[in-house]
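What follows is the residue order along each chain.
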Amino acid sequence: GIIDQNQTSPKRLSMTDIHATIEQAVALIRSRTTLQPQIGLVLGSGLGGLADTLDNRVVIPYADIPGWPRSTVHGHHGNLVIGHLEGQVVACQQGRAHFYEGYSQQEVTYPIRVMHALGIQTVILTNAAGGLNTSYRVGDLMLLKDHINFVGMVGNNPLMGPNDDRVGPRFLGMVQTYDRDLRLKARAVAAEAGITLHEGVYVCLSGPNFETPAEIRMLRTIGGDAVGMSTAHEVLVARHAGMRVMAISGITNEGIDDPDTTLETNHEEVLEAGKVLVPRLTTVLRGMLRAL
């Protein structure tokens, strides 16, 4: 259900109510700008600055948009920014809400549904992630080629509940999740710019705690290359609606696999690493938009 921002407890809404709320959100956004975005960008921890570089931009606070969840996390702005970037009209989510903040999966993925209702057909998601692959270093970029969605596998899946056949199928195939052509373009853009772009498997956990050393070792064993607390559920909803999807992780910390170390993972280092990542990620995203 979508949270009624004026209520202290979540109110479960029907499919009809959710559709009506999405329509209200679209009407509000269209009342603020005549631009028709074609591409959606979801900007993760510390990466929201890219939205400030849009030309002819219109900034719509999340608080103004019916049904839109607001992030409570430091490093996540709370705006939808629409404007021109590299010749494309884009809608940038400047920060996102997370499952660990107490929102339901349906609420967390509501912005993707609104983007789809706005007519956006391609979405590019970014996130800050911990490195599992021992060859990854802080500041590296990883293109998602697949994911392991632990949150969804244990029953927290945004597609649970009645299916809306107007949007997508009841049973969604996940083999072609991360668009191959978009990945090829991203690799070409990164190579041309001299930026290392790994390609790997993203593991989605619920958070908000970082992983224990034993969990890091387990996630490596099952084939994970990076781990984070977002993205997979948004990707699910985008694919359900038939949108093309690309996602990039910025590696902000290396997974610690030894419980006897003096090292510890914290959110401050994640934001600090974002400063190194932003120029690289910005270069790749801008190049992608030019290539589309």
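Residues numbered from 1 in each chain as written. Predicted model: local features only at pLDDT ≥ 70, side-chain atom pairs only at ≥ 80, totals over all residues. Heavy atoms only, no water.

Some remarks on helix H6 (residues 213-221)
For clarity, the cut-off: Partly exposed describes any residue whose relative accessible area lies between the buried limit of under 20% and the exposed limit of over 50%, with all areas from a 1.4 Å probe on protein chains only and scaled to the type maximum. Only DSSP runs of H or I reaching four residues or more are called helices, and only runs of E reaching two or more are called strands; each is numbered from the N terminus. To obtain the arc, one takes the directions from the helix axis to the C-beta atoms. The contact rule is simple, with two residues in contact once any of their heavy atoms fall within 4.5 Å.
The set of residues buried in H6 consists of Pro-213, Ile-216 and Leu-219. Looking down the long axis of H6, one finds its buried residues gathered within 125 degrees of arc, a one-sided arrangement. The elements touched by buried residues of H6 are helix H4 (150-153), strand E7 (197-204) and strand E8 (226-228). Count one or two residues on from H6 and you reach Gly-223, which has phi positive near 105 degrees.

Focus: the packing of helix H1 (residues 15-32) against helix H3 (residues 110-117)
Note the following rule: The axes used here are C-alpha line fits, helices contributing only the stretch in contact, and every angle between their N-to-C directions lies in the interval 0 to 180 degrees. Take the far helix as the reference: if the near one is turned anticlockwise from it by less than a right angle, the crossing is left-handed, and if turned clockwise, right-handed. For this classification, the nonpolar set comprises Ala, Val, Leu, Ile, Met, Phe, Trp, Tyr, Cys and Pro, the charged set comprises Asp, Glu, Lys and Arg, and every other residue, Gly included, is treated as polar.
Look at H1 against H3: their axes get within 9 Å of each other, and the N-to-C directions meet at 65 degrees. You can see that H1 and H3 cross each other, and the crossing is right-handed. Taking contact as the criterion, the partners of Thr-21, Ile-22, Ala-25, Val-26, Ile-29 and Arg-30 in H1 are, on H3, Tyr-110, Arg-113, Val-114 and Ala-117. When its residues are assigned to classes, the contact of H1 with H3 shows seven nonpolar, one polar and two charged.

With respect to the environment of Leu-141
Here Leu-141 shows up in strand E6 (residues 141-149). According to the relative accessible area criterion, Leu-141 is buried, its value standing at 0%. In sequence terms Leu-141 and Leu-292 are 151 residues apart; their C-alpha atoms lie 20 Å from each other. In contact with Leu-141, not counting residues within four places along its chain, are Ile-195, Thr-196, Leu-197, His-198, Ile-248, Ser-249, Gly-250, Leu-277, Arg-280, Leu-281 and Val-284.

A look at the environment of Ile-248
Mapped onto the secondary structure, Ile-248 falls in strand E9 (residues 244-254). On the basis of relative accessibility, which here comes to 0%, the residue Ile-248 falls in the buried class. When residues no more than four places from it in sequence are discounted, the contact partners of Ile-248 are Leu-125, Thr-126, Asn-127, Leu-141, Met-142, Leu-143, Leu-144, Leu-281 and Val-284.

Quick word on the confidence of the model for the protein chain
Using the following cut-off: Confidence per residue, as judged by the predictor, is encoded in pLDDT with a range of 0 to 100.
Model confidence for the protein chain is summarised by a mean pLDDT of 91, while 95% of its residues fall at 70 or above. Across residues 6-10, confidence stays below pLDDT 50; counting only partners more than four residues off in sequence or on other chains, it has two contacts.

What about unusual backbone geometry?
It is generally the case that most residues other than glycine have a negative phi and that most peptide bonds are trans. Cis geometry is found at the peptide bond from Gly-207 to Pro-208, where omega equals 5 degrees. You can see Pro-208 is positioned in the loop between E7 and H6. The phi dihedral of Asn-56 is positive, around 50 degrees, even though this residue is not glycine. In the Ramachandran plot, Thr-231 falls in the positive-phi region, its phi being about 75 degrees despite a non-glycine side chain.

Quick word on the pattern of salt bridges
Just so we agree on the cut-off: Only one rule defines a salt bridge in this text: a Lys or Arg side-chain nitrogen within 4 Å of an Asp or Glu carboxyl oxygen.
Applying the stated criterion across every chain yields a total of ten salt bridges. Salt-bridge contacts for Glu-86 lead to Arg-286; the nearest nitrogen and oxygen are separated by 2.7 Å. Of this pair, Glu-86 sits in the loop between strand E3 (79-85) and strand E4 (88-94) while Arg-286 sits in helix H8 (residues 267-291), and the two are 200 residues apart along the sequence. With a relative accessible area of 23%, Arg-286 lands in the partly exposed category. A salt bridge links Arg-137 to Glu-254; the nearest nitrogen and oxygen atoms lie 3.8 Å apart.

Considering the pairing of E4
Both faces of the sheet carry side chains from a regular strand, because those side chains alternate between them. To keep things clear, this is the line we draw: A pair of strands is labelled paired if DSSP reports no fewer than 2 bridges between them.
Extensive coverage of E4 is indicated by the burial of seven of its seven residues. Taking every second residue as pointing to the same face, both faces of E4 are buried, with Gln-88, Val-90, Cys-92 and Gln-94 on one and Val-89, Ala-91 and Gln-93 on the other. The pairing of strand E1 (residues 39-43) with E4 spans five bridges and is classified as parallel. Along E4, the bridge assignment pairs Leu-41 with Cys-92. Pairing of E3 with E4, which is carried by seven bridges, proceeds in the antiparallel orientation. Across the sheet, the residue bridging to Leu-85 is Gln-88, located in E4. The antiparallel hairpin formed by E3 and E4 contains two residues in its connecting segment, where Glu-86 sits at a positive phi of about 50 degrees.

Re H8
To keep it simple, the criterion reads: By definition here, a helix of n residues has an expected span of 1.5 Å times n minus one. Bend, at a single residue, is the angle you get between axes fitted to the 7 residues ending at that residue and the 7 residues starting at it.
Compared with an ideal rise of 1.5 Å per residue, which puts 25 residues at 36 Å, H8 spans 34 Å between its outermost C-alpha atoms and is within 8% of the ideal. The largest bend in H8 comes to about 45 degrees, at Leu-277, with the proline Pro-279 one to four residues further on. Where H8 is concerned, the buried positions are Val-270, Leu-271, Ala-273, Gly-274, Leu-277, Leu-281, Thr-282, Val-284, Leu-285, Gly-287, Met-288 and Leu-289.

Structural notes on the packing of aromatic side chains
For the record, the criterion: Classification of ring pairs uses Phe, Tyr and Trp, with its six-membered ring standing for Trp, and accepts pairs whose centres are within 6.5 Å; under 30 degrees between planes counts as stacked, over 60 as edge-to-face, and the remaining range as tilted.
All told, the structure shown has one aromatic pair when counted by the stated rule. Ring centres 5.2 Å apart and planes at 25 degrees place the aromatic pair Tyr-62 and Trp-68 in the stacked group. Per residue, the accessibility class of Tyr-62 equals that of Trp-68, and both read buried.

What about the nonpolar core?
Definition in use: Definition of nonpolar core: a set of buried residues of the types Ala, Val, Leu, Ile, Met, Phe, Trp, Tyr and Cys, connected through side-chain atoms within 4.5 Å.
Ranked by size, the top nonpolar core spans 42 residues in total, and within it Ile-29, Ile-65, Leu-80, Val-114, Val-123 and Met-243 carry the most contacts. Take this core: its biggest share by element is six residues, from H1. Ile-39, Leu-50, Val-81 and Leu-182 belong to the second largest nonpolar core, which has 27 residues in total.

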